[in-house]
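In case you want the letters, here they are:
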Amino acid sequence: MSGDGDGVNGLAEKPRGAVTAQAGGRLLVRVQLSGSVAAHPRLLIQPRPKKGRPEEAGRSLVLEAVGTDEWQTVLEADPALDEGRWDVYVVPGPGEERVPLLPGLRDLRGLVSGGDAVPGGPVAVRIPYATKDGRLALRAWRRATHAEAGRITVGSDAMTVEARLYGAGLGEGAEVSLHRRGRESAVARTALSADGGRDFSFTVAYADLLAEVAGGTPVVWDVFVRPSAGAPRVRVARLMDDIADRKTVFVYPAATLSGVSVRPYYTLDNDLSVEAARRPPR
């Protein structure tokens, strides 16, 4: 038998899961299962291994019957999932093969406002999404300290970012720094304006990023905040809503200075970066 959900283990149809974000960071998962299943099938949430790494143990939850061919379980907020991508499966019975869960309705309104995160505490985020090959998965972030990017205002020669700090407070010597990727990376620093103990904003002048651009290879600057002098720097990112993959959803306009195109963007991990690339001559 195959493990792709086509006639596996007596299931009449591929199982489909609907997810609702609830208060307290919980995720309610309702599964449509038709066919031969055990008294208590299980939901398996499996961490997707990184390339070349072996698969690690997942998290298994008992599914309870709530109607004809309908089962449900709750993924509690605690313990938090490790950061990464998690694939979701159904195990119809003991010793049977896992079956990928297809995505159903996803009610993520509880995530749009940042959920139940407390500014003074760490951040743990789980966002259900549909993979490119049409399966249900979870994108998880788990950060003891986090700087959540808010509104980004893009101008002709600079960008201004509003943000909020989680897991730490702003103190004396707080600053924002942009670190160029690559060996012997350069650093561009800029002041921040604090609004209370955790809200802040900062402006990045694009002219400060041009000196490192040479030839046709783009230069990428990753954005960090240091909460206070001597504290570890914290990555600025946008994690706390219902968008699992922000890179292709939030596309910001580029500005051109001295023949160099500069634009902010979100990475595959939803971290904030700035790309600078020399424009080819016309």
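Because the structure is a prediction, the values reported are computed rather than measured.

Engineer: Got a minute to help me understand the overall build of the chain in this structure?
Structural biologist: Across its full length, the chain holds one helix and 22 strands. Taken along its principal axes, the extent of the C-alpha atoms in the chain is 65 × 45 × 30 Å. Within the span of the chain, comprising 282 residues, buried residues form 43% of the whole. Roughly 14300 Å² of accessible area belongs to the chain as shown, and the carbon and sulfur atoms make up 48% of that amount. Of the charged side chains in the chain, 37 are positive and 35 negative; the average position of the first set lies 5 Å away from that of the second.

Engineer: Is there a simple way to explain the pairing of strand E2 (residues 27-32) in this structure?
Structural biologist: On a regular strand, each side chain points to the face opposite its neighbour's, so the side chains alternate between the two faces of the sheet. With six bridges connecting them, strand E1 (residues 16-21) and E2 associate as antiparallel partners. Within E2, the position partnered with valine 19 by the bridge is valine 29. Alignment of E2 against strand E6 (residues 70-75), held across six bridges, turns out to be antiparallel. Each residue of the ladder has a partner; that of glutamine 32, found in E6, is glutamate 70.

Engineer: Teacher, can you tell me more about the pattern of salt bridges here?
Structural biologist: Opposite charge on two side chains permits pairing when their charged atoms draw close. Applying the stated criterion to the full structure yields 20 salt bridges. Close ionic contact of aspartate 82 with arginine 142 constitutes a salt bridge, the shortest N to O distance being 2.8 Å. Taken together, the residues span a long stretch of sequence, with aspartate 82 in the loop between E6 and strand E7 (84-91) and arginine 142 in strand E11 (residues 136-143) at a distance of 60 residues. Salt-bridge contacts for glutamate 148 lead to arginine 238; the nearest nitrogen and oxygen are separated by 3.5 Å. One end of the pair, glutamate 148, is in strand E12 (residues 146-154); the other, arginine 238, is in the loop between strand E19 (234-237) and strand E20 (255-257), and 90 residues separate them in sequence. Judged by relative accessible area, arginine 238 falls into the partly exposed class, the value being 21%. Residues participating in the shared-partner salt-bridge network are Glu83, Arg143, Arg181, Asp222, Arg235 and Asp271.

Engineer: Please explain the layout of surface pockets as it appears in this structure.
Structural biologist: Where empty space is left becomes clear once a probe the size of a water molecule has been rolled over the atoms. There is about 540 Å³ of room inside the largest pocket. The wall of the largest pocket is formed by 25 residues, among which Arg85, Tyr129, Arg139, Ala244 and Asp245 lie closest to the centre. Among the elements that make up the lining of the largest pocket, the one with the highest residue count is strand E10 (residues 123-130) (four residues). For the lining of the largest pocket, the residue count by class is eight nonpolar, five polar and twelve charged.

Engineer: Could you clarify how one ought to interpret the environment of leucine 239 in this entry?
Structural biologist: One can find leucine 239 in the loop between E19 and E20. Separated by 53 residues in the primary sequence, leucine 239 and alanine 186 place their C-alpha atoms 26 Å from one another. Each residue touching leucine 239, except ones within four places of it in the same chain, is listed here: Val125, Ile127, Trp141, Arg143, His146, Glu148, Asp269 and Asn270.

Engineer: Would you take a moment to explain the sheet that holds E6 for this structure?
Structural biologist: The strands making up a sheet associate through hydrogen bonds between their backbones, and the pairing can be parallel or antiparallel. Pairing in this open sheet of five strands is mixed, and the strands run E5-E6-E2-E1-E9 from one edge to the other. Taken across any chain shown, the strands that pair with only one partner, and hence form the sheet edges, are strand E5 (64-67) and strand E9 (102-107). For this sheet, the mean angle separating the axes of adjacent strands, direction not counted, is 30°.

Engineer: Explanation requested: the side chain of threonine 131 in the structure shown.
Structural biologist: One can find threonine 131 in the loop between E10 and E11. Threonine 131 sits in the buried class, given a relative accessible area of 14%. Looking at threonine 131, its side chain comes within polar contact range of the side chain of aspartate 133, at 2.4 Å. Not counting the four nearest positions on each side in its chain, threonine 131 is found in contact with Arg48 and Ala137.

Engineer: Explain the nonpolar core to me, please; I cannot follow it from the model alone.
Structural biologist: The nonpolar side chains of a soluble globular protein tend to be buried, and buried together. Within the largest apolar cluster, 35 residues are counted, with the highest numbers of intra-cluster contacts made by Leu178, Phe200 and Val225. Other than its neighbours up to four places away in sequence, leucine 178 contacts Ala186, Val187, Ala188, Val204, Leu209, Trp221, Asp222, Val223 and Val274. Counting residues in each nonpolar core, the second largest holds 33 residues, with Leu43, Trp86, Val90 and Met240 among its members.

Criteria and cut-off values
Here the residue numbers are simple positions, counted from 1 along each chain's written sequence. pLDDT decides what is reported in this predicted model: residues at 70 or higher carry local features, side-chain atom pairs at 80 or more are listed and counted, and totals for whole chains, interfaces and linings draw on all residues regardless. Each side-chain value is derived from all of the structure's non-hydrogen atoms; neither hydrogens nor water enter the calculation. For the purposes of this entry, the term helix denotes a DSSP run of H or I that reaches at least four residues, the term strand denotes a run of E that reaches at least two, and both are numbered from the N terminus. Residue exposure (1.4 Å probe, protein chains only): buried if accessible area is under 20% of the type maximum, exposed if over 50%, otherwise partly exposed. The protein chains shown are the only cover counted for residues, whose accessible areas, like all others here, come from Shrake-Rupley with a 1.4 Å probe. Note that His is not counted, nor are the chain ends; the positive residues are Lys and Arg, and the negative ones are Asp and Glu. Where a charge lies is defined by one atom per residue type, namely NZ (Lys), CZ (Arg), CG (Asp) and CD (Glu). For two strands to pair, DSSP has to find at least two bridges joining them. One side-chain nitrogen of Lys or Arg within 4 Å of one carboxyl oxygen of Asp or Glu is enough to make a salt bridge. A 1.4 Å probe that fits but cannot get out identifies a cavity on a 1 Å grid over protein atoms alone, an open set with protein on both sides within 12 Å along at least five of seven lines counts as a pocket, and a residue lines either if it has an atom within 4 Å of a point. Grid points are joined across faces, edges and corners, and a volume is the space filled by probe spheres set on the points. Side-chain classes follow a simple rule in which Ala, Val, Leu, Ile, Met, Phe, Trp, Tyr, Cys and Pro form the nonpolar group, Asp, Glu, Lys and Arg form the charged group, and the remainder, Gly included, forms the polar group. Residues are treated as being in contact if the distance between any of their heavy atoms lies within 4.5 Å. Every angle, taken between N-to-C directions, lies between 0 and 180 degrees, and every axis is a line fitted to C-alpha atoms, over only the stretch in contact when it is a helix. Each polar contact in these results corresponds to two N or O atoms within 3.5 Å; when the atoms are within protein, one needs to be able to donate a hydrogen and the other to accept it, and residues that are neighboring in sequence are counted only if both atoms are side-chain atoms. In plain words, nonpolar cores are sets of buried Ala, Val, Leu, Ile, Met, Phe, Trp, Tyr and Cys residues tied together by side-chain atoms within 4.5 Å.

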